[in-house]
Amino acid sequence: MVQKLTRYGLLCLMLLTTSVVQAQYFGRNKPAYKKFDFKVMESPNFKLYHYFQNKEDALKIVQDSERWYKLHQEVLQDTIADPNPLIIYKNHADFQQTTAISGSIGVGTGGVTEGLKNRVVMPITLSNKQTDHVLGHELVHAFQYNMMRTGDSLSLNNMRNLPLWMVEGLAEYMSIGNQDPNTAMWMRDAILQKDIPTLKDLTRKQKYFPYRWGQAFWSFVAGTWGDEVIEPLFRSTAKYGYEDAIKGVLKVDAVTLGNMWKTSLENYYKPYIAGSDTTITAGRKLLDKTNAGRMNISPVLSPNGKFIAYMSDQDVLGLDLFLADAQTGKITKRLASLATNPHLDNFNFMESAGTFSPYGERFAFVVFEQGVNKLAIVDVARGKIIDNLTIPGVDAFAYPSWSPDGQSIVVSGLVEAQSDLYLYNLRSKKVKQLTKDAYSDLMPSWSADGSKLVFSTDRPVDGKSGKSSYNLAEIDIISGKVKVAEVFTGADNLNASYEPNSNNILFLSDRDGYRNMYRYSPEQQRVERLTNYVTGISGITSMSPAMSVAREEGKVAYSYYRNNAYTIYTAPLAAFERTAVDAQAVDMKAGILPPLERKKPIVTTKLAEPIATSVVAEDSISVKPYRPEFKLDYISNTAGVGISNGPYGTGMNGGVNMIFSDILGNNQLFAAASLNGEIYDFGGQFAYLRQKGRFQWGAQVSHIPFLRGQVGYTQDSLQIGDSKQLVDNMILQKIRMFQQQANLIGNYVFSTTRRLEFGAGISRYSYRIDQFNHYYKDGFFIKMEDEKLEAPDPFHFQQVYAAYVGDNSYFGLTSPLAGHRYRLHAERYFGEFNVWTGLADYRKYFFLKPFSVAFRVMHQARYGEDSQNGKLAPLSLALPGYMRGFGNDYFQKSQEAGINNANWNDLYGSRIAVANAELRLPFTGPEQLALIKSGMFLSDFNLFVDAGMAWSPKGSTTSEYWGFTSGSSSYKPLISAGASLRVNLFGYMIVEPFYAIPLQKNGTKLANFGVNFTPGW
């Protein structure tokens, strides 16, 4: 029996978990649709990896990086010894495919700096200003990581002492400065809501956005003590935590500093709040958190003003596109959702809105699909996407605007690091480039007659230059002539639209530090302010569309930021009170982060200077061939070795894990070695992963020892002196199984939600049994002898498998709440075993706010000559997550009560089928999702019905072989119902205590409690 269990028992565990070993059972993909041909350009402080066709585009990135390097070096008093790697992608769709960063890249991610190789990874954006800001922001992180590596008594582990608001806030402050109307808007809103956080609140509560609040904090500290205090405070925080660092560097405690900061914010902004409208003066509230979501953005009015399309988080799990009645706010339908359009990778919701066709029957908006931007065309009446259009030669674009004649759509396109306007003809599928220059051209909007466009651009007004900002401009479609308006020079003037049947232009501007609506008359050269709101008309970012004008009606819709939420208002143009303002009156004081008067400013002074185009000499910049540069990314801190000596010999233990990769992350190597006991217990594994392109593959070889022990007792004879005597023998056996494997694995990724998995491998198993005999006579120990026993013969088998996997589900607090998952899996074993295994698993989730209804059906079966002869342990319904209520407690109660409804054999067979239904209610957690608000305790309350059946074909000997009574199973379905509470333990583990009632005769008497340690299926 020992030999049989040793040979096949441990092997069965391996076979039962092959899906987990081979690949991720479910989960979304990170596709690499394209293969990028990277080049290298090196400057004194940077090594740029890029694939621009034009060398000048790469040179500009390098010079901008060197400019930021000088500023950050001066403030942070740090030098990065070797050229720092920069990996730049042409657009965000390409950036989402990066292999340099593990994990998915969201639409809202502007860039990433990772700490292992200090790589800065980011895309070019449609806006020159935004690209430069992201570059400056990420290079602050590069310095922060470098300070941890090279600082006295510091390491990367010290990053955990730095709160996120301090890390990200510093990057924002050093790349934007203290003049930021968007962050100032958040601060004024907090004062109105009397919700200025303490430093402890910032650290512990997720409701306070770390970028905005951290930027305001550093502006206050640096403005009060001088920018020279940034470096010692940051280093000290990394060593001791922020409370001790503040006390040591600033000589005040954290509570006092927080109160000083709060007083500074209130004293600075209250006069500006008093001079603004704290209530809406024009229009009516149409969509807010009472009838939609907390975030209602990108409003677009239909041409006749009867309907409004908008993006909203009203279904909590993500942003979807909705249609509502523009008069009543009644939501008529969902126009598009990622949950129902799994072929889409994402919506471009951050800095783009959609556009209606001239008669409002269709709606176009920008999506990410197959590694490029596409125009998704929705049939408004049916609420269904009817077409996804690529724009030839323009892989990245945003801000679409449908022409009045319905034949064309104009977009802001990004081609080879240059943002221009492109006209796409819907009939001929031809593209016309309208602008071609180094400036960013954004947010185009048509005139009523289709003869011209108004847009925002960073090209300067004739004869004037300075710090980059956005001006209004018009372009004649026929001649291509561009005219820049001399309005609010130095401010950002965005989201322009023509008034219906007029040349007058409505637009948003931050010219006074707020974000308000203005009206500009080109003929009269007259500017009027239409709103004077205390916070601002805004989207998620300052570049997000926040206003729409109905082309046929004098009606405006806009999104207003207040109380940390975005609300959509509508108003007729006549409802706005017009106040004439000077076209050159620009005063940003309300958009300043206090204090206004600053001590020894470095950051604000440098950022106010015109951008230098040449920072280092061009002869110090060289072009080099790309080399992978494999380097060690990570070595586990458990590396080490220990030695022990005992009655069973000398043992050693220790281990090390190492990860290597190239600079782009296309190739990864993993090596591990461990020793836990004697030399026989040495194990090692080596794996390689190739991640370039859709086809991703890897190889793995390993030698892994498994050790188990068993004890026993027998009587034996032993030579003692001149005679053999009967003695007691306490036996200890060490049974080792050695697994040697070589595997090939692969994925072909179709999209973020679908993939094909496949692989093949060979495995060899061998054994060693050592026995230690402990002899006793009359209770006294005599001696110990060890011997090597005969072990089972080694054996080997081969394996091939393939699986088709889909997953577009949205995970809630402890389990999926919306979308679907499926897996079709086929597996073949041959050699020692001749077995086919098939699995079909389908799961569907319906989110019916506030709860979700979940369904699953699953079938698994074995076929082949060894599927029924007992060589392999039977499949089981008793695995966690399959069925609840038929565990040990159930059978113990059955035995005690003399009830014989089911036996153990009903849970096992060579084929199983499972069906489940759950009603999932997010119970405690975030306010917008859960029934009870909690920032720490995350849980779901569930009502469930589980059903399952296990069976084997006639003549199977599996049950007898594994200790079950042959023929005792009636092969009947088992059903249970009950309730459970899944609890998410800080992201480390999900625990599910449950109470289940078997749905059978006397089932209430057999009701039982149990616990699972697994996420919801």
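Computed from a predicted model, the values in this text were never measured in an experiment.

Criteria and thresholds
- Residues numbered from 1 in each chain as written.
- Predicted model: local features only at pLDDT ≥ 70, side-chain atom pairs only at ≥ 80, totals over all residues.
- Heavy atoms only, no water.
- Helix = DSSP H or I, 4+ residues; strand = E, 2+ residues; numbered from the N terminus.
- Contact = heavy atoms within 4.5 Å.
- Buried < 20%, exposed > 50% of the residue type's maximum accessible area, 1.4 Å probe, protein only.
- Pairing = 2+ DSSP bridges.
- Axes fitted to C-alpha atoms, helices over the stretch in contact; angles between N-to-C directions.

Caption draft 1: Structural context of the environment of Gly283. Position of Gly283 among the secondary structure elements: in the loop between helix 12 (254–274) and strand 6 (284–287). Taking the C-alpha atoms as reference points, Gly283 and Gly761, separated by 478 residues in sequence, lie 68 Å from one another. Discounting chain neighbours no more than four positions away, the residues touching Gly283 are Thr570 and Ala571.

Caption draft 2: Here's a closer look at unusual backbone geometry. Residue Pro595 follows Pro594 across a cis peptide bond; omega there is 5 degrees. With respect to the helices and strands, the residue Pro595 is situated in the loop between strand 32 (579–581) and helix 13 (603–608). The omega angle of the peptide bond from Lys849 to Pro850 is 15 degrees, so this bond is cis rather than trans. Residue placement: Pro850 occurs in the loop between strand 46 (835–848) and strand 47 (851–863). One non-glycine residue with positive phi stands out, namely Ala417, at about 65 degrees. For Asn501, which is not a glycine, the phi torsion comes out positive at approximately 55 degrees. As for its position among the elements, Asn501 is in the loop between strand 24 (493–498) and strand 25 (505–509). Judged by its relative accessible area of 69%, Asn501 falls in the exposed class.

Caption draft 3: Up close: the pairing of strand 14 (residues 372–379). In terms of burial, strand 14 is a largely internal element, eight of the eight residues being buried. With eight bridges joining them, strand 13 (residues 362–369) and strand 14 adopt antiparallel strand pairing. Among the inter-strand pairings, Val366 is bridged to a residue of strand 14, identified as Leu375. Hairpin connection of strand 13 to strand 14: two residues between the antiparallel strands, including Gln370 at a positive phi of 55 degrees. The turn linking strand 14 back onto strand 15 (residues 384–389) is made up of four residues, and Gly383 within it adopts a positive phi angle of 65 degrees.

Caption draft 4: Geometry of the sheet that holds strand 18 (residues 418–425). Read across the sheet, four strands follow the order 16-17-18-19 without closing on themselves; strand pairing throughout is antiparallel. Here the strands that pair on one side only, and so sit at the sheet edges, are strand 16 (396–402) and strand 19 (431–433). When strand polarity is set aside, the average angle formed by the axes of neighbouring strands in this sheet is 30 degrees. Summarising the sheet, strand 18 and strand 19 pair through three bridges and their orientation is antiparallel. The residue of strand 19 that forms the bridge with Tyr424 is Val431.

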